[in-house]
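Structural features, examined
One letter stands for each residue in the lines below.
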Amino acid sequence: MTMQRLTTSIGSTQMVWHALGASTGDASQPLVLLHGGHGSWQHWARNIAPLANHYRVLVPDLPGYGDSDTPPEPTMPSLVNTTRAALDQLLGADTPVRLAGFSFGGLVAAHIAAQRPHVTHLALLGPAGHGSPRRPKGALQDWRNAALAKDDVALVSTMRHNLLMHMLEHLSSVDEQALELHTAACISTRFHSKKISLAGGLLEALATGQRVNPAMQLSAMWGEHDVTCTPHTVLQAVQAAGLPLQRSAFVPQAGHWVQYEASNAANAFVLRAMAGG
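The following paragraphs examine the structure supplied in this document. (Residues numbered from 1 in each chain as written. Predicted model: local features only at pLDDT ≥ 70, side-chain atom pairs only at ≥ 80, totals over all residues. Heavy atoms only, no water.)

Now for the pattern of salt bridges. Applying the stated rule across the entire model yields six salt bridges. Close ionic contact of Glu 169 with Lys 137 constitutes a salt bridge, the shortest N to O distance being 3.6 Å. Of this pair, Glu 169 sits in the loop between α5 (152-167) and α6 (176-188) while Lys 137 is found in the loop between β6 (119-125) and α4 (144-148), placing the two residues 32 residues apart along the sequence. According to the relative accessible area criterion, Glu 169 is partly exposed, its value standing at 22%. Salt bridges sharing partners connect three or more residues here, namely Arg 84, Asp 88 and Arg 116. (Salt bridge = Lys/Arg side-chain N within 4 Å of Asp/Glu carboxyl O. Helix = DSSP H or I, 4+ residues; strand = E, 2+ residues; numbered from the N terminus. Buried < 20%, exposed > 50% of the residue type's maximum accessible area, 1.4 Å probe, protein only.)

Right, here's the structure in full:
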């Protein structure tokens, strides 16, 4: 399979997408993967090819990240509206889609589902916006001075520390690929999601999405050691809100970036979530 690079233009904002699997699997109902904050489409580096054996997989750089333009305003509505409009431009507004989102991308995905009645399946991996406390392992280090000074040794050291504090549970998971992807994504980030993620809104967006499309299949997965939340507490909040969660999973020995650190488990979960109905 050959990866395609696609672009959409909404007003003055161009988004870059990567597509794989057009000639295999269920090309009529694509699977769209949305990355997290301080990320890029390569948050899904270990997932795209396996999932593309079953679906046409579309993975954007969200506005303000990677190779995509910055959204017109530095707000969640601007980012969501631009992304939804770009998705409609790429596929057609009435095309059913399966949608998965990681971290901040999970919150974005929930807001898109609240606007778009043709999201048939929604899978959230370590979603942001849950409104409950984080459980940090330690403070993150500022990498910007090392990047500006082109001090590669200091930059790698800082990024390794931050990956272990926030994204990954095990030192062995902080491999060369993880360092390269995380460093490039952080440096190219222009949309800052932390305050938005901490402000909540996930449950409300999911509730709206269920009203928009009562048949939408909702699933959620967390790494057991996700520092952005206590996963069981978020699951209980989802259930208490009366949201019809079709399936949930907690992956042992995995951190926040669960689809990287436990890619086989995450790929299997996403495929089960997208096949449900």
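Our next topic: unusual backbone geometry. Look at His 38: it is not a glycine, yet its phi comes out positive at around 50°. Tracing the sequence through the fold places His 38 in the loop between β3 (26-34) and α1 (48-52). For His 38, a relative accessible area of 24% translates into the label partly exposed. At Gln 253, a position not held by glycine, the phi torsion is positive, near 60°. With respect to the helices, strands and loops of the structure, Gln 253 is situated in the loop between β8 (245-251) and α10 (258-261). Residue classification places Gln 253 among the partly exposed residues on the basis of a relative accessible area of 45%.

Turning to the packing of α5 against α6, a few remarks are in order. Where α5 contacts α6, the axes come no closer than 10 Å and their chain directions differ by 95°. In terms of orientation, α5 and α6 fall into the roughly perpendicular class. For the pair α5 and α6, contact is made by Leu 155, Val 156, Met 159, Arg 160, Leu 163 and Met 167 and by Ala 178, Leu 179, His 182, Thr 183, Cys 186 and Ile 187, respectively. (Axes fitted to C-alpha atoms, helices over the stretch in contact; angles between N-to-C directions. Parallel < 35°, antiparallel > 145°, perpendicular 65-115°, else oblique. Contact = heavy atoms within 4.5 Å.)

With that settled, consider the side chain of Ser 193. If you trace the backbone, Ser 193 turns up in the loop between α6 and α7 (194-198). Those residues in contact with Ser 193 that lie beyond four places of it in its chain are Gly 37, Tyr 65 and Phe 104.

Right, let's talk about helix α8 (residues 202-212) for a bit. For α8, the set of buried residues is Leu 202, Ala 205, Leu 206, Gly 209 and Gln 210. One face of α8 carries all of its buried residues, which in axial projection span an arc of 140°. Turned more than 90 degrees from where α8 packs its buried face, Glu 204 and Arg 211 sit exposed. (Arc of directions from axis to C-beta.)

Function cannot be inferred from these measures alone, as they are strictly geometric.
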